[in-house]
Amino acid sequence: MRWAVMAAATWVAATTGVAAARAADVEFGRYLASECITCHGTAKADSTIPNIFGLGELHFVEVIKAYRDRALPNPVMQSIAGRLRDEEIDALAAYFATAKKP
């Protein structure tokens, strides 16, 4: 019985920490997102600027890193992505995965 209580306490601490870290990532992403929203917030269906709101995290990370590595052509995105660290890209991905277009 004591083992079960210890295991449950460990699980609660771990999942609470994960949830708190996840929330912090989303909030950090929201903080960083203003430059992204300048262009992507006005994206329309017929626009060359893609809608990134609701985009899956993995896809977001892959695309931004590809711009950062200059594997995708777009000087503006290469410049913006080139300034981002992995943690910032992850936070932006977490934010945009759940954000609704303004």
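Whatever comes next refers back to the structure up there.
**Student:** Requested: an account of the packing of aromatic side chains, with residues and values cited.
**Tutor:** For any two aromatic rings, the description comes down to two numbers: the centre-to-centre distance and the angle of the planes. One pass over the full model with this rule turns up four aromatic pairs. With 5.8 Å between their ring centres and 25° between their planes, Phe 60 and Phe 96 make a pair best called stacked. Separated by 36 residues along the polypeptide, Phe 60 in helix α3 (residues 57–68) and Phe 96 in helix α5 (residues 86–98) bring together distant segments of the chain. Phe 60 sits in the buried class, given a relative accessible area of 3%. Residue classification places Phe 96 among the buried positions, given a relative accessible area of 0%.

**Student:** Lay out unusual backbone geometry with the relevant residues and their values.
**Tutor:** The backbone phi angle of Arg 70 is positive, close to 65°, even though this residue is not glycine. Structurally, Arg 70 is set in the loop between α3 and α4 (75–82).

**Student:** I'd like a description of the packing of α3 against α5, backed by residues and values.
**Tutor:** Running from N to C, α3 and α5 cross one another at 140°; their axes reach a closest spacing of 9 Å. With respect to their mutual orientation, α3 and α5 come out oblique. Seen along the crossing, α3 lies across α5 with a hand that is right-handed. Seen from α3, the contacting residues are Glu 57, Phe 60, Val 61, Ile 64, Lys 65 and Arg 68; seen from α5, they are Asp 86, Ile 89, Asp 90, Leu 92, Ala 93, Ala 94, Phe 96 and Ala 97. Broken down by class, the residue content of the contact of α3 with α5 amounts to nine nonpolar, no polar and five charged.

About the criteria used
Residues numbered from 1 in each chain as written. Predicted model: local features only at pLDDT ≥ 70, side-chain atom pairs only at ≥ 80, totals over all residues. Heavy atoms only, no water. Phe/Tyr/Trp six-rings, centres within 6.5 Å; stacked < 30°, edge-to-face > 60°. Helix = DSSP H or I, 4+ residues; strand = E, 2+ residues; numbered from the N terminus. Buried < 20%, exposed > 50% of the residue type's maximum accessible area, 1.4 Å probe, protein only. Axes fitted to C-alpha atoms, helices over the stretch in contact; angles between N-to-C directions. Parallel < 35°, antiparallel > 145°, perpendicular 65-115°, else oblique. Left-handed = near helix turned anticlockwise from the far one by under 90°. Contact = heavy atoms within 4.5 Å. Nonpolar A, V, L, I, M, F, W, Y, C, P; charged D, E, K, R; others polar.

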